[in-house]
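# A look at the structure
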Amino acid sequence: MGKLSIIMFSGTMDKFIPLGVLSSAASALGDEVNIFVTGFALLGFMKEKKPLPFPDEFKDMAPALEEGMKRTNTKSWYDMLKEAKESGNVKIYVCSLMASIFNLSKNDLDPIVDDIVGATTFLTQAENGMVLFI
Amino acid sequence: MGKRIVVDARGSSCPGPIVELSKAYRNAAVGDVIELWATDPGVKADTQAWAEKTKNKIESIKEDQDKIIIVIDIENR
């Protein structure tokens, strides 16, 4: 089976939806999925949850998006990831540089995170597979 | 003869139906038939892609009034 590696960089809600959808679809295909959380995407993976912001230019559309997701029974990005992890081979890694910069240990992160690793580990894992930057 | 497994994913949007299908597939055996019911407009193409990748056969795709019915022969596990 294949392999999908995602560099999750953005910290806004609109970008987390495709993270959930693509991870869950890849996992349903039997693919291995590696997610490398870096930059402000870290906000989505903290133990203490705060609602993720929408980018200013799309703020007006946020209520329609949320309403539409409810109407179509679309799961939250978090639930999609969680379900994909439970049923497939999905790993979530937090960038060790970002962890050091913000003085975070694994204890500060959501339990959905598997480990804190460096860029070298991620690049080695991603080798010969598909890589997306979100 | 294998089992016939009905997966009712009506009302579930992308990638929900394929996630439901792959869950049923995990518990299926070669010779079983999975019948997927869905309403998501992407499900025909997505199921074909899934079947190609997992080496299973689409037996038929039908659309009735309120759902798309895709019948898949499980040939590979």
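In the block above lies the structure referred to throughout.
Calculation rules
- Residues numbered from 1 in each chain as written.
- Chains lettered and ligands numbered in written order.
- Predicted model: local features only at pLDDT ≥ 70, side-chain atom pairs only at ≥ 80, totals over all residues.
- Pairing = 2+ DSSP bridges.
- Helix = DSSP H or I, 4+ residues; strand = E, 2+ residues; numbered from the N terminus.
- Axes fitted to C-alpha atoms, helices over the stretch in contact; angles between N-to-C directions.
- Contact = placed C-beta atoms within 7 Å.
- Nonpolar A, V, L, I, M, F, W, Y, C, P; charged D, E, K, R; others polar.
- Core = buried A, V, L, I, M, F, W, Y, C linked by C-beta atoms within 7 Å.
- Buried ≥ 20, exposed ≤ 12 C-beta atoms within 10 Å, placed from the backbone.

The strands making up a sheet are joined through hydrogen bonds of the backbone, oriented either antiparallel or parallel. Residues and elements named next belong to chain A. Taking strand neighbours across the sheet as the criterion, the 5 strands line up as S4-S3-S2-S1-S5 in an open arrangement whose pairing is parallel. Strands at the two margins of the open sheet, each flanked by one partner only, are strand S4 (115-117) and strand S5 (130-133). The average angle at which neighbouring strand axes cross in this sheet is 25°, direction not considered. As judged from the 3 bridges shared by strand S3 (residues 89-95) and S4, these two strands associate in the parallel manner. The residue of S4 that forms the bridge with Cys-95 is Val-117. Strands in contact with helix H5 (residues 119-126) are strand S1 (3-8), strand S2 (32-37), S3, S4 and S5; relative to S2, the strand with the most contacts, it is inclined by about 155°.

The subject of this paragraph is the interface of chain A and chain B. Tallying the contact residues gives 11 residues for chain A and 12 residues for chain B. Where the side of chain A that touches chain B is concerned, the elements lending two or more residues are helix H1 (13-28) and helix H3 (77-87) of chain A. Partitioned by chemical class, the residues of the side of chain A that touches chain B number 4 nonpolar, 6 polar and 1 charged.

Take the pairing of strand S1 (residues 4-9) of chain B next. Across 6 bridges, S1(B) lies against strand S2 (residues 33-38) of chain B in parallel orientation. Its bridge partner lying in S2(B), Arg4(B) is registered against Val33(B).

A few words on the nonpolar core. Ranked by internal contacts, the top residues of the largest apolar core, which has 49 residues, are Met8(A), Ile35(A), Phe36(A), Val37(A), Val94(A) and Leu36(B). The element best represented in this core is H1(A), accounting for 8 residues. Those residues in contact with Leu36(B) that sit more than four places away from it in its chain are Val7(B), Ala9(B), Pro17(B), Leu21(B), Thr47(B), Ile70(B) and Ile72(B).

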